[in-house]
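The residues making up each chain are set out below.
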Amino acid sequence: MAMMGDGQTSYDQAHDGKANELAGCSARGLRSAPVPTKARLTYFQDKSLSLELQYKSEDTWTECFNLSAEDSNIAIPSVAYLGLSAETGELSDNHDIISLKAENLYSLNRGKTTEDRSKGRVRSSPKPVKELKEKSSWTWFLFKIVLFFGVVVGGYFGWTVYRTKTRSSRF
């Protein structure tokens, strides 16, 4: 950005934010892709950062960039927030983000027993997790119907008793 005489800055259209760019790539055909466009951002803490795109064909990933710690100082904080935007400089475009999935590729001591930790081995077959048994939706529906009619009949019976008592107390 160039400084003007009165303290204002002008937009450098020729470089469009290049001074702030860490890495990037050009993906021609992204707008009219034959498959849903996907991006895979992979970060290994203090080691590497890479971005791959899928837009040419299903299950074909094109590397956009791959940075290593030797090339640049990449350090994302352990508590980080991810923001997605389609606006760069004076240009903007509409994008629909259908889903976003973030995962740890590995974590320390996951799936290891105390015996395996000391030897540095990972168990080959983790214990199966018992799934919660879901209630039948028909059973729950019928229970609610019976409860509803029980409340209606009880209300009618109570109203009839109240009406009978109030009539007989008038005379």
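Residues numbered from 1 in each chain as written. Predicted model: local features only at pLDDT ≥ 70, side-chain atom pairs only at ≥ 80, totals over all residues. Heavy atoms only, no water.

**Some words on the overall build of the protein**
Item 1. A count of helical and extended segments in the protein gives two helices and five strands.
Item 2. Within the protein, the proportion of its 171 residues that are buried is 10%.
Item 3. Pairs at least 24 residues apart make up 27% of the contacts formed inside the protein by residues separated by at least 6 positions. (Helix = DSSP H or I, 4+ residues; strand = E, 2+ residues; numbered from the N terminus. Buried < 20%, exposed > 50% of the residue type's maximum accessible area, 1.4 Å probe, protein only. Contact = heavy atoms within 4.5 Å.)

**As for the sheet that holds strand E5 (residues 62–68)**
Item 1. Taken together, three strands build an open sheet; the order of strands is E3-E4-E5 and the sheet is antiparallel. Only two strands of the sheet have a single partner each, and these edge strands are strand E3 (38–44) and E5. On average, each strand axis in the sheet is tilted by 10 degrees relative to the strand beside it, whichever way the strands run.
Item 2. As defined by bridge partners, E3 adjoins strand E4 (residues 48–54) across seven bridges and the pair is classed as antiparallel. Residue pairing for E4: Thr42 is matched across the bridge by Ser50. (Pairing = 2+ DSSP bridges. Axes fitted to C-alpha atoms, helices over the stretch in contact; angles between N-to-C directions.)

**Re the pattern of salt bridges**
Item 1. The tally for this structure, following the rule as stated, stands at three salt bridges.
Item 2. The salt bridge partner of Lys38 is Glu58, with a shortest N-O separation of 3.9 Å. Separated by 20 residues along the polypeptide, Lys38 in strand E3 and Glu58 in the loop between E4 and E5 bring together distant segments of the chain.
Item 3. Ionic pairing is found between Lys101 and Glu103, a salt bridge with its closest N-O pair at 3.6 Å. Of the two residues, Lys101 and Glu103, neither departs from the other in class, the shared state being exposed. (Salt bridge = Lys/Arg side-chain N within 4 Å of Asp/Glu carboxyl O.)

**Some words on the side chain of Ser50**
Item 1. You can see Ser50 is positioned in strand E4.
Item 2. Overall, Ser50 belongs to the buried group, its relative accessible area being 14%.
Item 3. Ignoring anything within four residues of it in the chain, the contact list for Ser50 reads Arg40, Leu41, Thr42, Phe65 and Asn66.

**Remarks on the state of the cysteines**
Item 1. All chains considered together, the criterion is met by one disulfide.
Item 2. Paired by a disulfide, Cys25 and Cys64 hold their sulfur atoms 1.8 Å apart. Taking the sign of the S-S torsion, about -105 degrees here, the bridge from Cys25 to Cys64 comes out left-handed. You can see Cys25 sitting in the loop between strand E2 (9–10) and E3 and its partner Cys64 sitting in strand E5, a full 39 residues away along the chain.
Item 3. Assessed through its relative accessible area of 40%, Cys25 is described here as partly exposed.
Item 4. What makes Cys64 buried here is its relative accessible area of 13%. (Disulfide = S-S within 2.5 Å.)

**Focus on the nonpolar core**
Item 1. In this structure, Ala27, Leu49, Leu51, Leu53, Tyr55, Cys64, Phe65, Leu67 and Ile74 together form the largest nonpolar core, which totals nine residues.
Item 2. Mapped onto this core, the elements with two or more residues apiece are E4 and E5.
Item 3. Not counting residues within four places of it along the chain, the set of residues in contact with Leu53 comprises Cys25, Ala27, Lys38, Ala39, Thr60, Trp61, Thr62 and Cys64. (Core = buried A, V, L, I, M, F, W, Y, C linked by side-chain atoms within 4.5 Å.)

**Focus: the confidence of the model for the protein**
Item 1. In this model, the protein carries a mean pLDDT of 75, and residues with pLDDT of at least 70 account for 67%.
Item 2. Between residues 1–5, whose pLDDT stays under 50, and residues either more than four places distant or in other chains, the model counts nine contacts. (pLDDT = per-residue confidence, 0-100.)

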